[in-house]
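For reference, the chains in residue letters:
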Amino acid sequence: MRFDVITLFPEMVKQTAQVGVTGKAIENKIVTLNVWNPRDYTHDRHKTVDDRPFGGGQGMVMKYQPLHDAVNAAKEVNLTQCKVVYLSPQGKPLNQVLLHEAGQLSQLILVAGRYEGVDERFIQRDCDEEWSLGDYVISGGELAALIVIDAITRLLPNVLGNEQSALQDSHSSGLLDYPQFTRPETLDGDAVPDILLSGHHADIERWRMKQALGQTWQKRPDLEKRKIKCKY
Ligand code: 4FV
């Protein structure tokens, strides 16, 4: 799968993606990552990518033309299953279902905004969808793009050591995760649940499912059961 990120901070994206699961997936050529800086598609001496908002208001808005040309450059590879997504607080809330579907694409072009955002005509004319990390504002869309890349990459075949672990991730099953424990067995009298030391795998699985259901009911009753059939 190919990821392209349109960003004013290409190095931030490239360097962060080289770490951990995404870095390994890039090294193993399971995913490729290309970054495109709108500033490289400006035609004025000052390489202007933003301007003041019409109608007044604070901050600056990213101009249409550099963004448009950067997206076109990313599209030149001409992969069929391609989607252009703008990351913003106005977007569709990110969740595992949306990310799992995106993992079926050949190319995902992620547009990271800065300042107060981008010219609305760019969203309407050049973007297929708008996605949001959540109902809050961050300084730039790069962190959102990196989260999308990480969350999709771990769902791809042969990325995680044990493919099942993507299936068992919380939210992949539509439930929150069960509690995890590791050594020491007792921490100031606070012991690991006996069942986990029993070696009875069927009983442990049953206990874990009950815990996941309980955690979900208690912490996130809003989660309907999102049964995801991963492709492997
Ligand atoms: C955001 C979010 C987000 C808004 C202005 C970047 C910032 C600046 N992106 N989910 N929430 N973006 O706050 O994705 O352009």
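Being a predicted model, the structure only gives us computed values, none of them experimental. (Residues numbered from 1 in each chain as written. Predicted model: local features only at pLDDT ≥ 70, side-chain atom pairs only at ≥ 80, totals over all residues. Heavy atoms only, no water.)

### Topic: the layout of surface pockets
Unfilled space is identified by rolling a water-sized probe across the atoms. Put simply, the rule is: Think of a 1 Å grid over the protein atoms and nothing else: a 1.4 Å probe that fits but is trapped marks a cavity, an open set flanked by protein within 12 Å on at least five of seven lines marks a pocket, and residues with an atom within 4 Å of a point count as lining. Grid points are joined across faces, edges and corners, and a volume is the space filled by probe spheres set on the points. Note on conventions: DSSP H or I runs of at least 4 residues are helices, E runs of at least 2 residues are strands, and numbering of each starts at the N terminus. Each residue is assigned to one of three groups, with Ala, Val, Leu, Ile, Met, Phe, Trp, Tyr, Cys and Pro labelled nonpolar, Asp, Glu, Lys and Arg labelled charged, and all others, Gly among them, labelled polar.
Empty space within the largest pocket amounts to approximately 430 Å³. Taken together, the elements giving at least two residues each to the lining of the largest pocket come down to β5 (82-93), α5 (120-126) and β7 (129-132). Of the residues forming the lining of the largest pocket, the biggest block, 5 residues, is contributed by β5. Among the residues making up the lining of the largest pocket, the classes are represented as 12 nonpolar, 9 polar and 4 charged.

### What about the site of the ligand?
To keep it simple, the criterion reads: We call a residue near a molecule or strand whenever a single non-hydrogen atom of that residue lies within 4 Å of it. Side-chain atoms alone can form a polar contact between residues adjacent in sequence; in general such a contact is a pair of N or O atoms within 3.5 Å, and within protein one must be able to donate a hydrogen while the other accepts it. In this description, accessible areas are obtained by the Shrake-Rupley approach with a 1.4 Å probe, and a residue is regarded as covered only by the protein chains that are shown. Whether a molecule lies in a cavity or pocket depends on its atoms, and more than half of them have to be within 2 Å of the grid points.
Contacts to the ligand come from 18 residues, most closely from Gly-113, Arg-114, Leu-133, Tyr-136 and Ile-138. At 3.5 Å, a backbone N or O of Gly-113 approaches an oxygen atom of the ligand. Relative to its unbound accessible surface of 370 Å², the ligand loses 96% to contact with the protein. If you map the ligand onto the pockets, it falls in the largest pocket.

### Overview of the pattern of salt bridges
The criterion, for reference: By convention in these notes, a salt bridge is any Lys or Arg side-chain nitrogen within 4 Å of a carboxyl oxygen on Asp or Glu. A simple rule labels every residue: compare its accessible area, found with a 1.4 Å probe on the protein chains alone, to the largest value its type can have, and call it buried under 20%, exposed over 50%, or partly exposed in between.
For the structure on display, the rule yields 9 salt bridges. With its nearest N and O atoms 2.6 Å apart, the salt bridge here joins Arg-121 to Asp-119. The buried category is assigned to Asp-119, whose relative accessible area is 15%.

### Re the packing of aromatic side chains
Applied cut-off: The aromatic pairing rule takes the rings of Phe, Tyr and Trp, using the six-membered ring of Trp, and pairs them if the centres are within 6.5 Å, calling planes under 30 degrees apart stacked, those over 60 edge-to-face and the rest tilted.
In this structure the tally under the stated criterion is 1 aromatic pair. Ring centres of Tyr-64 and Phe-122 lie 6.4 Å apart, and the angle between their planes is 65 degrees; this geometry places the pair in the edge-to-face category. Note that Tyr-64 is positioned in helix α3 (residues 64-75) and Phe-122 in helix α5, a separation of 58 residues in sequence. What makes Phe-122 buried here is its relative accessible area of 0%.

### Looking at unusual backbone geometry
Each neighbour pair has its own omega, and for Arg-183 with Pro-184 the value is 5 degrees, a cis peptide bond. Along the polypeptide, Pro-184 turns up in the loop between α7 (164-168) and β8 (186-187). Here Tyr-115, not a glycine, exhibits a phi torsion of approximately 55 degrees, which is positive. Position of Tyr-115 relative to the elements: it lies in the loop between β6 (107-112) and α5. One non-glycine residue, Asp-188, adopts positive backbone phi at about 50 degrees. With relative accessibility at 82%, the residue Asp-188 sits in the exposed group.

### With respect to the state of the cysteines
Operational definition: A pair of cysteine sulfur atoms is labelled a disulfide when the two atoms are within 2.5 Å.
For the structure shown, the criterion picks out 0 disulfides. In this structure Cys-82 is not part of a disulfide, and its nearest cysteine sulfur, from Cys-127, lies 11 Å away.

### Side note on a nonpolar patch on the surface
Definition in use: Residues with no salt bridge and a relative accessible area higher than 30% make up the patches, which join like charges within 9 Å and nonpolar side chains (Val, Leu, Ile, Met, Phe, Trp, Tyr) within 5 Å.
On the surface, Tyr-136, Ile-138 and Leu-143 cluster together to form a nonpolar patch covering roughly 280 Å² of accessible area. Locating Leu-143 in the fold gives a position in helix α6 (residues 142-153). Residue Leu-143 is classed as partly exposed on the basis of its relative accessible area of 47%.

### Points about the pairing of β5
Each regular strand displays side chains that alternate between the two surfaces of the sheet. To keep things clear, this is the line we draw: At least two DSSP bridges between two strands are needed for those strands to be called paired. Think of it like this: strands point away, you trace from the first strand over the helix to the second, and a clockwise trace means the crossover is right-handed.
Pairing of β5 with β6, which is carried by 6 bridges, proceeds in the parallel orientation. Pairing of Cys-82 across the sheet is with Gln-107, part of β6. Each parallel crossover has a hand, and the one from β5 via helix α4 (residues 96-102) to β6 is right-handed. With 5 bridges connecting them, β5 and β7 associate as parallel partners.

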